[in-house]
Amino acid sequence: MNIHRSETASRALLAANIVDDRQRISDEFSIQFSLRAGQCDAVWSPRTPSRREFEQVRAAYLRVRDRFCESIGEWLGVNVVVVEVPR
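Treat the numbers as computed from the prediction; the structure is a model and nothing was measured.

Colleague: Help me understand the nonpolar core in this model?
Modeller: One recurring pattern in soluble globular proteins is that nonpolar side chains are buried together. The biggest cluster of nonpolar side chains holds 14 residues, and the ones touching the most others in it are Ile25, Ile31, Phe33, Trp44, Val57 and Tyr61. Those elements that provide at least two residues to this core are strand S3 (30-36) and helix H2 (51-76). With 8 residues, H2 is the largest single contributor of residues to this core. When neighbours within four sequence positions are excluded, Tyr61 is seen to be in contact with Ile25, Ile31, Phe33, Trp44 and Phe54.

Encoded structure:
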């Protein structure tokens, strides 16, 4: 049963074309997440923040990212795991 659900979720993930609304991260930055063909992307506006700027908006970014990932999991009917790789 779990294998079938996993295979179904995998096919749905690869077929997905989901674009989230642009989310305000700070007074200066907003971000829009998308999921297309199994790949998750984030587009910053008006530009990608510098490392220093990112540290200032990191908590808000993580909240928005986690909400997006949770919505993908709910849509697929599975749990979603995010793995952060330190730089």
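Now that the structure is up, let's keep going.
Colleague: Which parts of the structure should I look at to understand the packing of aromatic side chains?
Modeller: For any two aromatic rings, the description comes down to two numbers: the centre-to-centre distance and the angle of the planes. Throughout the structure, instances matching the rule amount to 6 aromatic pairs. Judged by centre distance (5.4 Å) and plane angle (15 degrees), the rings of Phe33 and Phe68 are stacked. Placement of Phe33 in strand S3 and of Phe68 in helix H2 is noted, with a sequence separation of 35 residues between them. Phe68 gets classed as buried once you look at its relative accessible area, which sits at 4%. Between the aromatic rings of Trp44 and Phe54, the centroid separation amounts to 6.2 Å while the plane-to-plane angle is 80 degrees, which identifies the pairing as edge-to-face.

Colleague: Teacher, can you tell me more about the pairing of S3 here?
Modeller: Remark: a regular strand shows side chains that alternate across the two faces of the sheet. Counting buried positions over the 7 residues of S3 gives 5, a clear majority of the element. Pairing between strand S2 (residues 23-24) and S3: 2 bridges, direction antiparallel. Its bridge partner being in S3, Arg24 is matched across the sheet by Ser30. Where S2 folds back on S3, the antiparallel hairpin that results is connected by 5 residues. One ladder, built from 7 bridges, connects S3 with strand S4 (residues 39-45); its direction is antiparallel. Paired with Ser34 across the strands is Asp41, a residue of S4. The hairpin formed by S3 and S4 contains 2 residues between the paired strands, and Ala37 there has a positive phi angle of roughly 50 degrees.

What counts, and at which threshold
- Residues numbered from 1 in each chain as written.
- Predicted model: local features only at pLDDT ≥ 70, side-chain atom pairs only at ≥ 80, totals over all residues.
- Heavy atoms only, no water.
- Core = buried A, V, L, I, M, F, W, Y, C linked by side-chain atoms within 4.5 Å.
- Buried < 20%, exposed > 50% of the residue type's maximum accessible area, 1.4 Å probe, protein only.
- Helix = DSSP H or I, 4+ residues; strand = E, 2+ residues; numbered from the N terminus.
- Contact = heavy atoms within 4.5 Å.
- Phe/Tyr/Trp six-rings, centres within 6.5 Å; stacked < 30°, edge-to-face > 60°.
- Pairing = 2+ DSSP bridges.

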